[in-house]
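# Summary of structural features
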Amino acid sequence: MSEMAPVPYRVRSRVAENSESVTLCLEPTATELSAPRPGEFMMLYAFGVGEVAISVSGDPSLTDGTITHTIRSVGAVSAALCAAEPGTTLGVRGPFGTSWGLEEAGGHDLVIVAGGVGLAPLRPVVLGALAHRDWYGRVVVIAGARSQREFLYAAELARWQEDSRLEVHLTVDVPIQGWPGETGFVTEPLRRLTLEPDRVTAFLCGPEPMMRFGAQALLAKGIDPQRIRVSLERNMQCGIGWCGHCQLGPLLLCRDGPVVGYDVARPLLEVKEL
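Just so we're clear, the structure is a prediction, and the values are computed from it rather than from any experiment. (Residues numbered from 1 in each chain as written. Predicted model: local features only at pLDDT ≥ 70, side-chain atom pairs only at ≥ 80, totals over all residues. Heavy atoms only, no water.)

### Examining the overall build of the chain
Cut-off, in case you're wondering: What counts as a helix is a DSSP run of H or I of at least four residues, what counts as a strand is a run of E of at least two, and both are numbered from the N terminus. Only C-alpha atoms enter the radius of gyration; for comparison, a globular chain is expected to reach 2.2 Å times N to the power 0.38, where N is the number of residues. By definition in these notes, contact holds between two residues if any of their heavy atoms fall within 4.5 Å. Where accessible areas are quoted, they stem from the Shrake-Rupley method and a 1.4 Å probe; at the residue level, only the protein chains shown are allowed to cover. Charged residues are defined narrowly, with Lys and Arg counted positive, Asp and Glu counted negative, and His plus the chain ends left uncounted. Where a charge lies is defined by one atom per residue type: Lys uses NZ, Arg uses CZ, Asp uses CG and Glu uses CD.
Scanning the chain from terminus to terminus reveals 7 helices and 15 strands. Taking 19 Å as the expected radius of gyration for a compact globule of 274 residues, we find that the chain reaches 18 Å, a close match to that expectation. For the C-alpha atoms alone, the extent of the chain along its principal axes is close to 50 × 45 × 35 Å. Considering only contacts within the chain whose residues lie at least 6 apart along the sequence, 70% involve residues at least 24 apart. Total accessible area on the chain stands at roughly 12,400 Å², and carbon and sulfur atoms take up 50% of it. Charged side chains of the chain number 24 positive and 31 negative; the gap between the two group centres comes to 3 Å.

Now the structure itself:
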């Protein structure tokens, strides 16, 4: 089968996360694609509208053949995907790209930092760590959003906050009355963490300024940039490194990313408008 040919998947379930984002659970109708790893992405095709790259956001321990994506409506294709009701058929290609490499972090403390919809690609990291909790030391989750209403996975976040196996910090830019959490950027709780730099692996996803400042806070604590992993986003159209639209310096992010070490990302993110 050609990597450029979409395979039909059916929407099994649809959950509205907030006013802009929807989580779709997709099931194969005939051909089943390989299970994606946390950090990888699929190309999702809304028939008659177009195709877009979306990171996987499902539980990596599930083996039922489903693929889960949380999608933010920001354009014609993502809007069509967000509007897809259960029973709708979509086209799927993949999986593509690099993973978070969670299995390589065994024995380490995990620091997971998400900004806005960046929590979607990092949800599999949290769920994967919980599924194999004895493989890791501390697991710290820091998630930020513009306001309380804009967090993804609100019910799940509440469960994580109650789970003694996790340390969870939630922060908002604009608090509303009754908000019990922190106010400010994710870098604030990150800077307060006391970490053992030789045993930390960090995962960051969100707006590029957030990842840059978050990585700087981790570097200041002595963490090796190779163990600071970030997920980069560009215009991915083919998924296999042919078209060049996702080029970032020497990288084709659909092939060489989206997840890269900060030792690779740092010189690229420091170039304005690259």
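### Some remarks on the sheet that holds strand S5 (residues 67-72)
Which entries qualify depends on this criterion: Pairing between strands requires that DSSP locate at least two bridges from one strand to the other. Angles run from 0 to 180 degrees between N-to-C directions of axes, and those axes are lines fitted to C-alpha atoms, restricted for helices to the stretch in contact.
Taken in spatial order, the 6 strands make up an open sheet running S4-S3-S6-S1-S2-S5, and their pairing is antiparallel. Single-partner strands in this sheet number two, and they are strand S4 (50-55) and S5. Pairs of neighbouring strands in the sheet enclose a mean axial angle of 40°, with direction left out of account. With 4 bridges connecting them, strand S1 (residues 7-16) and strand S6 (residues 89-96) associate as antiparallel partners. The residue of S6 that forms the bridge with Arg10 is Thr89.

### Comments concerning helix H2 (residues 119-131)
What counts, and what does not: A helix is expected to span 1.5 Å multiplied by its residue count minus one. Each residue is assigned to one of three classes by its accessible area relative to the maximum for its type, calculated with a 1.4 Å probe on protein chains only: buried under 20%, partly exposed between the two thresholds, exposed over 50%.
In this model H2 runs 18 Å from its N-terminal to its C-terminal C-alpha over 13 residues, within 8% of the 18 Å that 1.5 Å per residue would give. For H2, the tally of buried residues reaches 12 of 13 residues, placing the bulk of the element in the interior. All buried positions along H2 are accounted for by Leu119, Ala120, Pro121, Leu122, Arg123, Pro124, Val125, Val126, Leu127, Gly128, Ala129 and Leu130. Contacts from the buried residues of H2 go to S4, S5, strand S7 (109-115), strand S8 (139-145), helix H3 (154-162) and strand S11 (200-205).

### Notes on the state of the cysteines
This is how it is decided: The definition used for a disulfide is geometric: two cysteine sulfur atoms within 2.5 Å.
Following the criterion strictly, the structure yields 0 disulfides and no others. Unpaired in terms of disulfides, Cys25 finds its nearest cysteine sulfur in Cys82, a separation of 15 Å.

### Observations regarding the environment of Arg255
For Arg255, the position within the fold is in helix H6 (residues 253-256). Looking at Arg255, the relative accessible area reads 46%, which means it is partly exposed. Note: C-alpha distance between Arg255 and Gly239 (16 residues apart in sequence) is 7.0 Å.

### Some thoughts on the packing of helix H5 (residues 208-220) against helix H7 (residues 262-269)
Threshold: Orientation categories follow fixed angle ranges, with anything under 35 degrees roughly parallel, anything over 145 roughly antiparallel, 65 to 115 roughly perpendicular, and all other angles oblique. Here is the rule for handedness: rotate from the far helix to the near one, and if that takes an anticlockwise turn smaller than a right angle the crossing is left-handed, while a clockwise turn gives right-handed. Amino acids outside the nonpolar list (Ala, Val, Leu, Ile, Met, Phe, Trp, Tyr, Cys, Pro) and the charged list (Asp, Glu, Lys, Arg) are all regarded as polar, and Gly is one of them.
Between H5 and H7, whose axes approach to 11 Å, the crossing angle comes to 125°. In this view, H5 runs oblique relative to H7, as classed from their interaxial angle. Crossing handedness for the pair H5 and H7: left-handed. Along its contact with H5, which presents Glu208, Arg212, Ala215 and Leu219, the element H7 presents Tyr262, Arg266 and Leu269. Here the contact of H5 with H7 is built from residues that sort into 4 nonpolar, no polar and 3 charged.

### Topic: the side chain of Glu17
In plain terms, the rule: Note on definitions: salt bridges are taken to be side-chain nitrogens of Lys or Arg within 4 Å of carboxyl oxygens of Asp or Glu. Any pair of nitrogen or oxygen atoms within 3.5 Å is treated as a polar contact; in protein, a donor-acceptor pairing is required on top of that, and neighbouring residues in sequence qualify only through side-chain atoms on both sides.
For Glu17, the position within the fold is in the loop between S1 and strand S2 (21-28). Comment: no salt bridge for buried Glu17; closest opposite-charge side chain is Arg123, at 6.9 Å. There is a polar contact of 2.6 Å between the side chain of Glu17 and the side chain of Thr23. If we skip the residues at most four places from it in the chain, Glu17 touches Val22, Thr23, Thr70, Phe151, Leu152 and Tyr153.

### Details of the layout of surface pockets
Heads up, the condition is: Definitions used throughout: a 1 Å grid over protein atoms alone; a cavity as a set of points that fits a 1.4 Å probe which cannot get out; a pocket as an open set with protein on both sides within 12 Å along at least five of seven lines; a lining residue as one with an atom within 4 Å of a point. Grid points are joined across faces, edges and corners, and a volume is the space filled by probe spheres set on the points.
One number sums up the size of the largest pocket: a volume of about 1,200 Å³. Elements represented by at least two residues in the lining of the largest pocket include exactly S4, S5, helix H1 (76-82), H2, S8 and H5. Looking at the lining of the largest pocket residue by residue, the classes come out as 23 nonpolar, 17 polar and 9 charged.

### A few points about the pattern of salt bridges
Inspection of the entire model under this criterion finds 17 salt bridges. In this structure, the salt-bridge partner of Asp109 is Arg199, at a minimum N-O distance of 3.1 Å. Of this pair, Asp109 sits in strand S7 while Arg199 sits in the loop between helix H4 (187-192) and S11; the two residues are 90 residues apart in sequence, bridging distant segments of the chain. Classification of Asp109 by relative accessible area gives buried; the value is 4%. Residue classification places Arg199 among the partly exposed positions, given a relative accessible area of 31%. The closest approach of N and O atoms between Arg165 and Asp163, which form a salt bridge, is 2.8 Å.

So, to be careful, I would describe these as geometric facts and stop short of saying anything about function.
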